[in-house]
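Here is how the chains run, residue by residue.
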Amino acid sequence: QVQLVESGGGLVQPGGSLRLSCAASGSIRSIYVMGWHRQTPGKQRELVAQFTSAGIPNYVDSVKGRFTISRDNAKNTLYLQMNSLKPEDTAVYYCNLFGHAPLLKDYWGQGTQVTVSS
């Protein structure tokens, strides 16, 4: 089974930047969609950014122009560069993979906390 390990979260001041990483390892046969979601207490997990099955990046409106998703296929690693961070970006960020790893399903990392506060 695939393991997704996120890193790069932390405390940052408003306007600052962070770069999240998600390293995927294990029995990965194919990846159709891979992306980042986030969740705050009492709210549903929401999609932040992802690569579609066609390899096209898309973003939730609230992060467009500030966040950039990228990946290194050779390292099976996904990144999220977050700039101009706002307090409302505070959340636990989760890496998500949908593919055969080895079963066809959604897989999730353990999450990394991002806190934007002065």
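Refer to the structure printed above.
Now for a quick tour of the structure. None of these values were measured; they are calculated from a predicted model. Sequence order sets the numbering: in each chain, residues are counted from 1 along the sequence as written. Reporting of local features is limited, given that this is a predicted model, to residues whose pLDDT is at least 70; pairs of side-chain atoms are given and counted only at 80 or more, and all residues count toward the totals for whole chains, interfaces and linings. In computing side-chain values, all of the structure's heavy atoms are included and hydrogens and water are not.

Another point: the overall build of the protein chain. Each helix and strand in the protein chain was counted, giving 0 helices and 11 strands. Working definition: helices are DSSP H or I runs of at least four residues, strands are E runs of at least two. Numbering for both runs from the N terminus. Moving toward the C terminus, one meets the helices and strands of the protein chain in the order β-β-β-β-β-β-β-β-β-β-β. Since a compact globule built from 118 residues should have a radius of gyration of about 13 Å, the 14 Å found for the protein chain is in line with a globular shape. Overall size of the protein chain, expressed as C-alpha extent along the three principal axes, is 45 × 25 × 25 Å. The buried share of the protein chain, reckoned over its 118 residues, is 39%. Working convention for charge: Lys and Arg count positive, Asp and Glu count negative, and His plus the chain ends are omitted. One atom stands in for each charge, and that atom is NZ of Lys, CZ of Arg, CG of Asp or CD of Glu. Across the protein chain, the mean location of the 11 positive side-chain charges is 4 Å away from that of the 7 negative side-chain charges. With the radius of gyration taken over C-alpha atoms, the globule rule is written as 2.2 Å times the number of residues to the power 0.38. Relative accessibility decides the category of a residue: with a 1.4 Å probe and only protein chains considered, values under 20% of the type maximum give buried, values over 50% give exposed, and everything between is partly exposed.

This brings us to the environment of Q39. Inspection of the secondary structure assignment puts Q39 in strand β4 (residues 30-39). A sequence separation of 74 residues divides Q39 from Q113, and the C-alpha atoms of the two residues are 9.6 Å apart. Note on contacts: a residue pair is in contact if any heavy atoms of the two residues lie within 4.5 Å. Beyond its immediate stretch of four places on either side in the chain, Q39 contacts Q44, R45, A91, V92 and Y94. Polar contacts, as used here, are pairs of N or O atoms within 3.5 Å; protein pairs need one atom able to donate a hydrogen and one able to accept it. Residues neighboring in sequence count only if both atoms are side-chain atoms. Of the polar contacts made by the side chain of Q39, one reaches the backbone oxygen of K43; its length is 3.1 Å.

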